[in-house]
Amino acid sequence: SGLQNSAMAEKPDPVYWKDIGGLVAAKNALEESAVWIYKHADAYKRLGIRPSKGVLLFGPPGTGKTLLAKAVATESSANFLPVSIPDLIKGEVGESEKAVSRIFQTAIRCSPCVIFLDELEAIFSSRDTTGDVGRKLISQFLIEIDHLDKVDKSVILLGATNHPESIDNSILRPGRLDRLVYVGAPNLEERVQILQVLRNKTKVHPDINLEEIASKTEGYTGADLQAVIRKAGLLSLKQNLLQITQENILKAIESVSPSVIVE
Ligand code: ATP
């Protein structure tokens, strides 16, 4: 179709707000600035308010940024177009810019659509190493973002980064990714909530004590907790158990280190 190698919009495995533990403030901010655009498009038009075009999610790895982006798509019945920025900038000179244009064309064609720009900082580090080439790519990006104003289609941008300090101001101006949402490591209560989500997806013993697990996993992200449960699953499998036990989860915690250092 001439769109070879270009990003494809998809309906991902549905992720609902309830599938994400904790992150209440982040979910509310996204509901307001991203989901409402699809749910209340007519109201925005009537009131003459220009909806936000994009949100930058920032925070440590494994805390649920990708999950949140997918949930925005699911909760607003939009398509999801994931873009890995490091993959994008790997392309040859000139090719990357064309790919950027194609991404936005695809999103417009598949609207309502969420474009998810993962590891967004990579586009800015490309500037130093390749000079003009990096700059051209960034300006292509900004052109495409600004162009969305002219096409009256429901396309929203969600960027994600672990390195907000590397993100250039140009992309954070009003009308671009003008809302910042922090996605942090979960506190005790949030870890219980994440464990509840994970429990509902796996075969764990009914009298598992989530509070005890949460209290022993300070600094563990959602991804870390998932790794713990997976490890506990393997231990239980080796013991021919049909369910994951508390004992195996506690054992698994010792072999998975926390991603976030707690002071
Ligand atoms: P990265 O910055 O490394 O891309 P991320 O912030 O995008 O990480 P995700 O890919 O969303 O993190 O999370 C990885 C996995 O960890 C998810 O697929 C999910 O299974 C689990 N997970 C992370 N955070 C949560 C959460 N808050 N609730 C439930 N599961 C979570």
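Note that this is a predicted model, so its numbers are computed, not measured.

Novice: Explain the overall build of the protein to me, please; I cannot follow it from the model alone.
Specialist: Summing up its helical and strand segments, the protein has 11 helices and 5 strands in all. Expected size for 263 residues packed as a compact globule is a radius of gyration near 18 Å; at 20 Å, the protein falls within 12% of this value. A principal-axis box enclosing the C-alpha atoms of the protein has dimensions of 60 × 45 × 40 Å. Each of the 263 residues in the protein was classed as buried or not, and the buried ones make up 47%. When the accessible surface of the protein is totalled, it reaches about 13800 Å², and 52% of it is carbon and sulfur. Side chains of the protein give 31 positive and 33 negative charges; the mean places of these two sets differ by 5 Å.

Novice: Even after reading the chapter, I still don't get the site of the ligand, so can you show me in this structure?
Specialist: Around the ligand, the structure places 16 residues, and the nearest of them are Gly21, Gly62, Lys65, Thr66 and Gln226. One nitrogen or oxygen atom from the main chain of Gly64 is found 3.0 Å from an oxygen atom belonging to the ligand. Between the ligand and the protein, one listed contact pairs an oxygen atom with a side-chain N or O atom of Thr66 at 2.6 Å. According to the grid-proximity analysis, the pocket containing the ligand is the largest pocket. Contributing elements (two or more residues each) for the shell around the ligand: α3 (65–75) and α10 (222–238).

Novice: Can you walk me through the packing of helix α8 (residues 188–201) against α10 in this structure?
Specialist: When two helices pack together, you describe them by how their axes are tilted relative to each other and by the distance separating the axes. α10 packs onto α8 with a crossing angle of 50° between their chain directions and a minimal axis gap of 10 Å. Taken as axis vectors, α8 and α10 run oblique relative to one another. Note that α8 runs across α10; the crossing there is right-handed. Along its contact with α8, which presents Arg191, Ile194, Leu195 and Leu198, the element α10 presents Gly222, Leu225, Gln226 and Ile229. A per-class count over the contact of α8 with α10 returns 5 nonpolar, 2 polar and 1 charged.

Novice: What is the right way to look at the pairing of strand β4 (residues 155–161) in this model?
Specialist: Across the 7 residues of β4, 7 count as buried, placing the element largely inside the fold. What you see with β4 is no split at all: Val155, Leu157, Gly159 and Thr161 on one side and Ile156, Leu158 and Ala160 on the other are buried throughout. Relative to β4, strand β1 (residues 54–58) runs parallel, the two sharing 5 bridges. Looking at β4, one finds that Val55 is bridged to Leu158. As paired elements, strand β3 (residues 113–118) and β4 share 5 bridges and run parallel to each other. Bridge pairing in β4 links Phe116 to Leu158.

Novice: How should I be thinking about the side chain of Thr245 in this particular structure?
Specialist: Structurally, the position occupied by Thr245 is in the loop between α10 and α11 (246–255). A polar side-chain atom of Thr245 sits 3.2 Å from the main-chain amide nitrogen of Asn248.

Novice: Quick question: what am I supposed to make of the packing of helix α1 (residues 24–39) against α3 here?
Specialist: With their axes 9 Å apart at the nearest point, α1 and α3 run at an angle of 35° to one another. Both α1 and α3 take part in a crossing whose hand is right-handed. Note on element contacts: α3 touches α1 through Leu68, Val72 and Glu75, opposite Ala26, Lys27, Leu30, Ala34, Val35 and Lys39.

Criteria and cut-off values
Residues numbered from 1 in each chain as written. Predicted model: local features only at pLDDT ≥ 70, side-chain atom pairs only at ≥ 80, totals over all residues. Heavy atoms only, no water. Helix = DSSP H or I, 4+ residues; strand = E, 2+ residues; numbered from the N terminus. Rg over C-alpha atoms; globule rule 2.2 N^0.38 Å. Buried < 20%, exposed > 50% of the residue type's maximum accessible area, 1.4 Å probe, protein only. Areas by Shrake-Rupley, 256 points an atom, 1.4 Å probe, with all protein chains shown as cover. Lys, Arg positive; Asp, Glu negative; His and termini not counted. Charge placed at Lys NZ, Arg CZ, Asp CG, Glu CD. Near = heavy atom within 4 Å. Polar contact = N/O pair within 3.5 Å; in protein donor to acceptor, adjacent residues only side chain to side chain. 1 Å grid on protein atoms, 1.4 Å probe; cavity = no way out; pocket = protein on both sides within 12 Å on 5 of 7 lines; lining within 4 Å. Sits in = over half its atoms within 2 Å of the grid points. Axes fitted to C-alpha atoms, helices over the stretch in contact; angles between N-to-C directions. Parallel < 35°, antiparallel > 145°, perpendicular 65-115°, else oblique. Left-handed = near helix turned anticlockwise from the far one by under 90°. Contact = heavy atoms within 4.5 Å. Nonpolar A, V, L, I, M, F, W, Y, C, P; charged D, E, K, R; others polar. Pairing = 2+ DSSP bridges.

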